[in-house]
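# Per-entry structural report
Spelled out, the chains give:
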Amino acid sequence: MKQLKDLAIEAHGGLDRWRQFEQVSADLIQGGALWPLKGQALTLEHTNVTVGLGREWASHAPFGAGNRRSRFEPGRVALEAGNGTVLEELLEPRASFAGHTLQTPWTELQLAYFAGCAMWTYLNTPFLLAWPGVETEELEPWPADGGDWRRLAVRFPAGIATHSTVQTLYFDGEGLLKRHDYDVEIAGNTPGAHLIENYTEVSGIKFPTKRRIYARQPDGSFSAEPLVVSIDLSNIRLS
């Protein structure tokens with residue numbers, strides 16, 4: 001049987017095709033209970049996101065009011081004016097979340113950090129499985145409607161900013177990503193179950209356009225309420 005990470009990468013378009021591009025952009029609509037809970041109900045409700053493919057960075061524009069945009073990298077996050085002038089910045093931003101729980105409000109810079117590392121992770125998966133230092137191990141299958149999903153435990157190196165060091169990816173029989181589990185370390189290790197649907201093909205690469213995130217229980221189950229985060233993507237572009 002083909003290694004799951006290789007099957008997944010091929011099913012989404014293949015590594016050779018992926019490496020022809022430097023970034024991906026998409027129109028983004030977000031909802032769910034998380035944003036008002038963090039005091040940021042409307043900041044990124046309707047925006048555009050761009051993420052790097054060869055290195056870790058992301059930007060949301062507009063970022064709230066005032067024609068601003070964000071710039072996320074693992075060691076720095078900033079808000080910029082439309083002309084690139086830095087308005088605010090935070091170095092070593094992950095350290096600013098020390099002691100946070102799910103209910104702790106975020107500053108705009110903290111929101112920019114979380115949204116940046118989250119969307120970078122989502123839009124680069126499953127191709128991240130080929131990154132240096134990323135380790136994988138196939139787990140036992142998970143029962144699902146239409147047939148079992150194969151599961152992959154993923155361990156990320158310290159140099160990658162993402163939700164948690166260890167995450168679990170679920171793939172259908174064709175190798176398409178269907179679910180993504182993690183614990184949000186910067187929000188008190190809150191466990192999430194992230195459901196993925198509605199694939200579209202862009203320049204030979206397959207992207208899901210509908211994402212719904214729920215609170216995950218210890219046994220891996222989840223309830224449809226409350227909806228923690230909704231993410232809808234359109235107008236996806238690779239360049």
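For the structure, check the block above.
Note that the coordinates shown come from a computational prediction; the quantities given were computed from them, not determined experimentally. (Residues numbered from 1 in each chain as written. Predicted model: local features only at pLDDT ≥ 70, side-chain atom pairs only at ≥ 80, totals over all residues. Heavy atoms only, no water.)

A separate point is the nonpolar core. Within the largest apolar cluster, 60 residues are counted, with the highest numbers of intra-cluster contacts made by Val-51, Met-119, Phe-207 and Leu-238. When residues in this core are grouped by element, the largest group, 12 residues, is from helix α4 (residues 108-124). What Val-51 contacts, discounting residues up to four positions off in sequence, is Glu-22, Gln-23, Val-24, Trp-57, Ala-58, Met-119, Trp-120, Leu-123 and Asn-124. (Core = buried A, V, L, I, M, F, W, Y, C linked by side-chain atoms within 4.5 Å. Buried < 20%, exposed > 50% of the residue type's maximum accessible area, 1.4 Å probe, protein only. Helix = DSSP H or I, 4+ residues; strand = E, 2+ residues; numbered from the N terminus. Contact = heavy atoms within 4.5 Å.)

With the rule as written, the count across this model stands at 12 salt bridges. A salt bridge links Arg-179 to Asp-181; the shortest N-O distance between them is 2.8 Å. Using a relative accessible area of 3% as the deciding quantity, one classes Arg-179 as buried. (Salt bridge = Lys/Arg side-chain N within 4 Å of Asp/Glu carboxyl O.)

With that settled, consider the packing of aromatic side chains. Throughout the structure, instances matching the rule amount to 12 aromatic pairs. Between Phe-72 and Tyr-113, the aromatic rings sit 5.5 Å apart at their centres with planes inclined by 75 degrees, giving edge-to-face as the arrangement. Of the two residues, Phe-72 sits in strand β4 (residues 69-73) while Tyr-113 sits in helix α4, which places them 41 residues apart along the sequence. One exposure class covers both Phe-72 and Tyr-113, and it is buried. Between Tyr-214 and Phe-222, the ring centres sit 5.2 Å apart and the planes meet at 15 degrees, which makes this aromatic pair stacked. (Phe/Tyr/Trp six-rings, centres within 6.5 Å; stacked < 30°, edge-to-face > 60°.)

Moving on: helix α1 (residues 4-11). Within α1 the residues assigned to the buried category are Leu-4, Leu-7, Ala-8, Ile-9 and Ala-11. Packing partners of the buried residues in α1 comprise α2 (15-18), β7 (135-142), β8 (149-155), β9 (166-171) and β12 (205-216). Directly beyond the C-terminal end of α1, a positive phi value near 130 degrees is found at Gly-13.

We now examine the side chain of Thr-190. One can find Thr-190 in strand β11 (residues 190-202). Looking at Thr-190, its side chain comes within polar contact range of the main-chain oxygen of Ala-187, at 2.5 Å. Setting aside residues no more than four positions away along its own chain, Thr-190 makes contact with Leu-102, Tyr-182, Asp-183 and Val-184. (Polar contact = N/O pair within 3.5 Å; in protein donor to acceptor, adjacent residues only side chain to side chain.)

By the element assignment, Asp-172 lies in the loop between β9 and β10 (177-184). Although Asp-172 is buried, it makes no salt bridge; Lys-178 carries the closest opposite charge, 4.6 Å away. Only 3.0 Å separates the side chain of Asp-172 from the backbone nitrogen of Leu-176, close enough to count as a polar contact. The contacts of Asp-172, once residues within four sequence positions are left out, are Trp-149 and Lys-178. (Lys, Arg positive; Asp, Glu negative; His and termini not counted.)

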